[in-house]
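Structure assessment
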Amino acid sequence: MRVADLSIKNYRGVREGHLRFKSHVVLVGGNNTGKTTVIEALTLLLGRDRLIRDLTEHDFFGSDPQPADRMHLVATITDFDGDDPNAHPDWFRDGRAVPKWWDETTGVVNPAQTDASWRLCCQIGVQAYFDRPSLTVEVVRYFHDHDGAIDPFDDDSPVGVPPKLIQQFGFFLVRASRTWDRVLSWGSELFRRTLQAAAAQPAGAILAQRDQLRTPERAIEDDAQIAPLINSVNDEVARCIAGSPKLTLRVTNTDSRSVLEAVSPHYTVGDGMSVPAARQGNGLISLQGLFLLLELGRLRAEAGEGFTMALEEPELHLPPATQQQLVLRVQALTSQTFITTHSPTIAAMADPTSVLLLRNVEGKLTAEPFLAQKLVPAAANWQRKFYQHNRTEVIDALMHTAVLVPEGRSDHLLLKTVLRPLMLRQGWSGEHAHSFGLEVGVVPTEDAKVVETARDLLRVHPRVCCLVDGDDEGQRYVRELAGLAQPPSVVIRWPDGQMIEDAIGWILDADAVSVTNLRNDIPALVAADVAGVVAHMKTKKCDLVLYEAVAEAISENEACRVRASELFQTLTNACTGVASDRFAVVDQVWVFQP
Amino acid sequence: MQRLAETIVAAPPREGQKVLALTFMHGARRRLDERLAAVPGLGRRYECTTLDSFAARIVRRWQSLVVQMGARVPTETEYDETVAVAATLLANPEVVLWVKASFPILVLDEAQDLTRSRLDIVQSLATELTALIAADEFQCLDATLRPNPAWEWLKEQEDHIALEKPMRTTVSALLEAATAVRAAEPVHAGKGFSVNFTPKPAMAGGFLNTYIAGLRGSSVAVITPSIKSFAEGVVAWTSQRTNSRGRGPYPIVWEQAETKRAEAVMDRIVLPADATCSQALAAMVDVGDRALVREVASWLDRLGRTRNKSIITREVLAERLQFICANQRRFQRPIDRGLMAMSVHGAKNREFENVVILWPAAVAGDDDQKRRLLYNAITRAKSACLVLVQLQKQLGQPPFA
């Protein structure tokens, strides 16, 4: 079984939203777009009661819910073996769900199967309202029959989802705020459930420990230091009560439950002393916890039970190689995973059609797959490079407020290379180059496909900007971009006859001395002035050694640094639609003014 | 019930499965419930519900299919439309199989009262479910159901159960009278059954007072085929007057149809045009029907908590009262105790300790219909039945002779 789609109304930061899911979903998006909201919504719908946190007003959109402001979540569950409702009477019968049919191509749920490709599905809903008189949130989880006007809080009680089915579905959640140090002990439900599933309760060892605690080799009350005290207490009591019991001191309550509760995980490295988990580094512990969870998944899969895992930010505490290994293991063992991440590395590991880019515009949540459909064998070269080879960089760029699509790969490289040392050197005030790095993500455009790339990215990102040269080609791109059904937010152009190398020249011009540093690094530029450097750069596109040297020269010189910062700052402004002296809007195109 | 026990032994319901027992509205549900509880091997694995609320459930759960089929979704008070839509839904095998997965066995009594679309529901269910259906064609009072469609269908089935003997009583005079009416033979008085000629309401009322006094508090249902001047006069006389032997008065209440009851309550409600919830509740409290006030109060409370509903118009309140009254009558058991008066139709499928039948000069329908009416009235009694006729010559005519 898997979740095919999810609709959210009035939950946390989401006023309205609809998402469709494949098997192994990776949710990507800026802070506060609603990644955690999606995971928590799934938990309300499918999680066991223990996973569900108590709801308050803050769980409603706007935090001040009126009686009619219902929180309303609906998930569609599909992938029932054989697609025959009669083969799944636990799910489909009077008193349980009504069978419906999921159309994967359109994402529509149909009441009857009129197309053989539609899959059997059912819908689970959660509604909640804030009960003002009692200051509590009333929640109901039910089988959602249709989107009509029937209110689950009305007379006819809705058909609840029995815990047995929730258990069968097997939804497990690992939150970003995890406290793993108790995970490998009986205080953790995960640990107990895994033991139960594996029938691995170590009863013999626990009973042996218990017996040892009951009759210790060296009892505390017999210690020479304390014995006189204990004996005199015993004597006094004996004078008052006939046949009085004797005081002994035992570790724990000496029953098996106390022994289980007292167990605390330790780690031993080499022959050293074992150290309790709470004193270990977080990485080791979270890895142990996660693999315990996976062991439970393996046991459930063997027993033919469902295992769906929601994992927030697997990159936490783990080195990149381990992240990758972990994500692959999770995906192999589960019927469906939901992973939220801020790491482009993790996002890039997933199938590009399963990476969902979340966007939240004033409470309206949308989720578009990074790639709408799998690339066909005939896909163009630039598409392969963009979506497969370079996808870590592309996803990274898409996580920014604005995405800049430059005309070519050299612009991408040069901007990034010049920016890096500037960000390292920036002081506490005055220099604003860093805002470019925070707000604008530059994608590596392949084969000058600025128009095609912009059109593709506009589907998944609300603010796509383009940067073109000041030549005839550039003018043509400007016209083509303006002719798109959905044109980019901003088109930026270098001045007539110029390109990015000329802008670099303008930066170096701030103090011609800066060029002297370059002369030492690049033999070809021994006698070159600024114009010579620009001319050389134009012939050596994408020469990383040259770019590094130029970036170094700029960051070493204060006047150049100021100009570079100004360029990046005003470029940021242009991308976000803010006017500045350096960019003049000519025919709706932002043209650089050196 | 014997057959049900055999069926359960032959094919025991799986975990989570139950027997679906359908009845018509009014009291029958509780009696069926008691009888099912006594079936060996069944335990509590049965669900006893009225046919109409079963239909409402099917429509509510399969609403999106209703919409796709192009039908209108009926409102909760449109009972006949709901039944018709449920019948259309159950024409789909997948819906029947969905029911069967929970309820492999269907039990239905009084099948003669099935209207066309209610019969459709039962017939669709019977295609997959093991159906145990009992009927007595003679107990059908609805002249439009003749010939009786359910009876015609059941006769074609291999193993139908025909109930031709009343089971409610062991009093032989009552059994003989019922058998005689059914066979179109003259009825005879006996211990527990008598027919008397009382031309005037005053005379019948006096007779009734003496009769009620003799029963020493045992319950009495006054049943009549037609609530007109004779029956109304007798009930009014008994309710207000003392007879020559000093018996009475005995206040008897006519049972009202649900729509009448709701209208009567609305007539007494004083409500501003745009009343708030609390004003509406206050107006209800003034009317004084505690059961109704409780229902309305919980409805208003829920509205206030879950919707932004602050204005209650007269129309909204009236509609809700209709709904509450209809539900009380349809889904709950009426009180079959004390002194009450009702029509033969209103008494259908119920039982009373004692029955007094008021037979006026004019009763609509042919001789067959009159026999059915009288048969139905007589068979409501468990201990005794007294018939008061308005015309002497009626004693020599059908349904009495």
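Rules used throughout
- Counting restarts for each chain: residues are numbered from 1 in the order of the written sequence.
- Whichever chain is written first is A, and whichever ligand is written first is 1; the rest continue in order.
- Whole-chain, interface and lining totals are the exception, using all residues; otherwise, since this is a predicted model, local features are given only for residues with pLDDT of at least 70 and side-chain atom pairs are given and counted only at 80 or more.
- With hydrogens and water set aside, each side-chain value is computed from the structure's full complement of heavy atoms.
- Helix and strand assignments come from DSSP, with helices taken as H or I runs of at least 4 residues and strands as E runs of at least 2, each series counted from the N terminus.
- Note on method: radius of gyration uses C-alpha positions; expected globular size equals 2.2 Å times residues raised to 0.38.
- Residue exposure (1.4 Å probe, protein chains only): buried if accessible area is under 20% of the type maximum, exposed if over 50%, otherwise partly exposed.
- Paired strands, in this sense, are two strands between which DSSP finds at least two bridges.
- Note on handedness: a crossover is taken as right-handed if, strands pointing away from the viewer, the path from the first strand over the helix to the second is clockwise.
- Here the limits of each domain have been adopted from an automatic or database domain assignment.
- It only takes one pair of heavy atoms within 4.5 Å for two residues to be counted as in contact.
- Summed over both partners, the accessible area lost on bringing two parts together, with a 1.4 Å probe, is the buried area.
- The term salt bridge refers to a side-chain nitrogen of Lys or Arg lying within 4 Å of a carboxyl oxygen of Asp or Glu.
- Whenever two N or O atoms come within 3.5 Å, that pair is a polar contact, provided that in protein one can donate a hydrogen and the other can accept it, and provided that, for residues adjacent in sequence, both atoms are side-chain atoms.
- Aromatic pairing here means that ring centres of Phe, Tyr or Trp (its six-membered ring) are within 6.5 Å. Orientation follows from the plane angle: under 30 degrees is stacked, over 60 is edge-to-face, and everything else is tilted.
- Every axis in this analysis is a line fitted to C-alpha atoms, fitted for helices over the stretch in contact. Angles between the N-to-C directions lie between 0 and 180 degrees.

A count of helical and extended segments in chain A gives 20 helices and 21 strands. In summary, chain A has a C-alpha radius of gyration of 32 Å against a globular reference of 25 Å for 594 residues, an excess of more than 25%. Summarising its shape, the C-alpha atoms of chain A cover approximately 110 × 75 × 50 Å along the three principal directions. Taken over 594 residues, chain A has a buried fraction of 51%.

Before going further, it helps to examine the pairing of strand S13 (residues 381–389) of chain B. Residues and elements named next belong to chain B. With seven of nine residues buried, S13 is to be regarded as a mostly interior element. Taken together, the five bridges between strand S6 (residues 193–197) and S13 define a ladder with parallel strand orientation. Looking across to S13, one finds that Ser194 is bridged to Leu386. In terms of handedness, the path from strand S12 (residues 352–359) via helix H16 (residues 367–378) over to S13 forms a crossover that is right-handed.

Attention now goes to the domain arrangement of chain A. Domain annotation for chain A reports domain 1 (2–21 + 54–162), domain 2 (189–263) and domain 3 (377–592). Domain 1 of chain A and domain 2 of chain A are separated by 51 Å when their C-alpha centres are compared.

Here the focus is the interface of chain B and chain A. Interface size, as often reported, equals the accessible area lost upon joining of the parts. Each partner contributes to the interface: chain B provides 27 residues, whereas chain A provides 34 residues. Carbon and sulfur atoms make up 46% of the area that chain B and chain A hide from each other, which totals about 2600 Å². The largest share of the area that chain B buries against chain A comes from Arg61, Trp98 and Arg305 of chain B, three residues that together contribute 28% of it. Viewed at the interface, chain A and chain B are joined by three salt bridges. Between Asp94 of chain A and Arg57 of chain B there is a salt bridge whose closest N-O contact spans 2.8 Å. Taken together, the links from chain B to chain A amount to 13 residue pairs in polar contact (both at pLDDT 80 or more). Here the element with the most residues in the side of chain B that touches chain A is helix H6 (residues 93–102) of chain B; it accounts for six residues.

The next point concerns the packing of aromatic side chains. One pair of aromatic rings is described through two measures. These are the centre distance and the angle between the planes. All names here are of chain A. One pass over the full model with this rule turns up 16 aromatic pairs over all chains. Judged by centre distance (5.2 Å) and plane angle (85 degrees), the ring pair of Phe386 and Tyr387 falls under edge-to-face. Using a relative accessible area of 2% as the deciding quantity, one classes Tyr387 as buried. Three or more aromatic residues joined by ring pairs make a cluster, and in this case those are Phe370, Trp382, Phe386 and Tyr387.

What follows covers the sheet that holds strand S18 (residues 464–468) of chain A. Residues and elements named next belong to chain A. Read from one edge of the open sheet, six strands run S17-S16-S18-S19-S21-S20, paired in mixed fashion. Each of the sheet's edge strands pairs with one partner strand only, and the pair in question is strand S17 (440–442) and strand S20 (583–586). The sheet shows a mean angle of 30 degrees between the axes of neighbouring strands, taken without regard to direction. In this structure, strand S16 (residues 402–406) lies alongside S17, joined through three bridges in parallel fashion. The residue of S17 that forms the bridge with Val403 is Gly441.

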